[in-house]
Amino acid sequence: MLFIIRDLRSARHAKTAKYMAEKTFEQQTNISKKCKIAEKDKADKGVSGNELYKDLNPTQWPIVYSPNYNISFFYLQKLHPFDSEKWGRTVGLLLDSGVLKNENFIAPVEASEKHLLEVHTQEYLDSLKWSWKVAAVTEVPPVALLPNFIVQRVLLKPLRLQTGGTVLAGKLAVDRGWAINVGGGFHHCRGDDGGGFCAYADITLSIHFLFKNVQSISKAMIIDLDAHQGNGHERDFIDNPDVYIMDVYNSGIYPRDVYAKRAIKKKVELRHGTDDATYLALVESNIKEALSEFHPDIIIYNAGTDVLEGDPLGNLAVTEQGIIQRDELVFKSAREKNIPIFMVTSGGYQKRTAKVVADSILNLYNKGLITSSCPELQSGL
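Residues numbered from 1 in each chain as written. Predicted model: local features only at pLDDT ≥ 70, side-chain atom pairs only at ≥ 80, totals over all residues. Heavy atoms only, no water.

As annotated in an unreviewed UniProt entry, the protein chain is Histone deacetylase 11 from Paramuricea clavata. Checking UniProt for the protein chain, the heading Sequence similarities (unreviewed entry) contains the comment "Belongs to the histone deacetylase family." Quoted verbatim from the Catalytic activity (unreviewed entry) heading of the UniProt record, the comment on the protein chain is "N(6)-acetyl-L-lysyl-[histone] + H2O = L-lysyl-[histone] + acetate". (UniProt positions renumbered as here; feature names shortened; annotations may be inferred.)

Take the packing of helix α2 (residues 86–97) against helix α11 (residues 353–366) next. Relative to each other, α2 and α11 sit at 45 degrees, their axes nearing to 8 Å. What the angle tells us is that α2 and α11 run oblique. In this structure, α2 crosses over α11, and the sense of that crossing is right-handed. Contact residues: α2 offers K86, R89, T90, L93, L94 and S97, while α11 offers T353, A354, K355, V357, A358, I361 and L362. Across the contact of α2 with α11, the residue classes tally to seven nonpolar, three polar and three charged. (Axes fitted to C-alpha atoms, helices over the stretch in contact; angles between N-to-C directions. Helix = DSSP H or I, 4+ residues; strand = E, 2+ residues; numbered from the N terminus. Parallel < 35°, antiparallel > 145°, perpendicular 65-115°, else oblique. Left-handed = near helix turned anticlockwise from the far one by under 90°. Contact = heavy atoms within 4.5 Å. Nonpolar A, V, L, I, M, F, W, Y, C, P; charged D, E, K, R; others polar.)

Moving on to helix α9 (residues 276–293). A rise of 1.5 Å per residue sets the reference length of α9, with its 18 residues, at 26 Å; its end C-alpha atoms lie 25 Å apart and thus fit the reference within 8%. Those residues of α9 that are buried are in contact with β3 (220–224), β4 (243–250), β5 (264–270), β6 (298–302) and α10 (320–336). (Expected span 1.5 Å × (residues − 1).)

Before going further, it helps to examine the pattern of salt bridges. Close approach of charged atoms allows side chains with opposite charge to pair. Applying the stated rule across the entire model yields 18 salt bridges. Where K171 meets D55, a salt bridge forms, and the shortest distance between an N and an O atom there is 2.5 Å. Within this pair, whereas K171 is found in helix α6 (residues 148–176), its partner D55 is found in the loop between α1 (2–44) and β1 (63–64), the two being separated by 116 residues in sequence. Here K171 falls in the buried class, since its relative accessible area comes to 2%. Across the salt bridge formed by K133 and D193, the nearest N and O atoms sit 2.8 Å from each other. Here K133, found in helix α5 (residues 131–138), pairs with D193, found in the loop between β2 (178–181) and α7 (202–213); they are 60 residues apart in sequence, far enough to count as distant. K133 sits in the buried class, given a relative accessible area of 16%. (Salt bridge = Lys/Arg side-chain N within 4 Å of Asp/Glu carboxyl O. Buried < 20%, exposed > 50% of the residue type's maximum accessible area, 1.4 Å probe, protein only.)

With that out of the way, let us pick up the side chain of Q350. Topologically, Q350 is positioned in the loop between β7 (341–344) and α11. Owing to a relative accessible area of 14%, Q350 belongs among the buried residues under this scheme. A distance of 3.2 Å separates a polar atom in the side chain of Q350 from the backbone oxygen of E309. The residues contacting Q350, other than those within four sequence positions of it, are D83, L308, E309, G310, D311 and P312. (Polar contact = N/O pair within 3.5 Å; in protein donor to acceptor, adjacent residues only side chain to side chain.)

Moving on, we come to the packing of aromatic side chains. Counted under the stated rule, the structure contains five aromatic pairs. Taking 5.4 Å as the distance between ring centres and 80 degrees as the angle between the ring planes, the aromatic pair formed by Y65 and Y69 counts as edge-to-face. For the ring pair Y65 and F105, a centre distance of 6.2 Å and an interplane angle of 65 degrees mean the geometry is edge-to-face. Placement of Y65 in the loop between β1 and α2 and of F105 in the loop between α2 and α3 (113–116) is noted, with a sequence separation of 40 residues between them. With respect to burial, Y65 and F105 carry one shared label: buried. A connected cluster of aromatic rings, assembled from ring pairs, spans Y65, Y69 and F105. If you follow K219 out to its NZ or CZ, it ends over the ring of F294, 5.5 Å from the centre. (Phe/Tyr/Trp six-rings, centres within 6.5 Å; stacked < 30°, edge-to-face > 60°. Lys NZ or Arg CZ within 6 Å of the ring centre and 35° of its normal.)

Written as structure tokens, this is what we have:
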């Protein structure tokens, strides 16, 4: 009798093992099919080759980041209010949450001079070979005293990598409907000059390559919610009817670029100390108006966190929860209309900025506004 019971148990275990194996195979097959469908969708959208474009593997989300984004050299980064290590700290907090793992991020390719010349003048790029010019652009005077080969390696190379990240995020948004570059958002840089810690025009370059390489993209909207006016991309697209710019900024701070304002189709000028209620109401109403006036194929969202209360440069009074609500509002507006959207993180000059960015990304995930490329591959979610 004991032997019969053992045989029955063995048979039951074997049957269970067979069922689990078949189930796993079925799940893997479904995942493979979904990823193949996504690849077909990408081909249907007419995405052509570009060295800065990469495809996601099945474990990756359309979130772009490299540890080489961060700038650290003999405490040089302490000489500017911009937190040049916030990108790594943001990712660290995302990893600590358990929602994301290292293998879920995709690393970008550094934008080369060939890529940059698509939108920048040769004269401007050559000027960055002089340390005094880089010091002026980044607003870190001691940089002028350093040999330029060091400046290129420790300061400009990370910014070129982030620029490649913004270009990649644009492509991934087309593929998956959304993307985030944990860095980028250098909205003060234009084709012939830089400033405000912005050495490369990543927003301009990403749109340029989308128009050039993706057949389905011919109109773009920039929603710039950094506390500062985005005068760089505004000057680049000032006469371009295919790029609609909405800019919400503190009118009493840098750069006060009157000429660039001509490019803004939806302009919202804030006063010092603007709070959550006023800010969120203005953002929401103006996004609705913008999307009723213009129907973009893609949205570039410059999500600066220097609107945060206490920021030494933004001088606004938006709370951490206000920023989280703002980002949710922007993503929801795009996702409800099936418009691909990609976000860059731009300005933010407090140590707690990294946590705000991370919390906002996690909120987007919790609200179902962002998901992994192949959801079944997420463990424990």
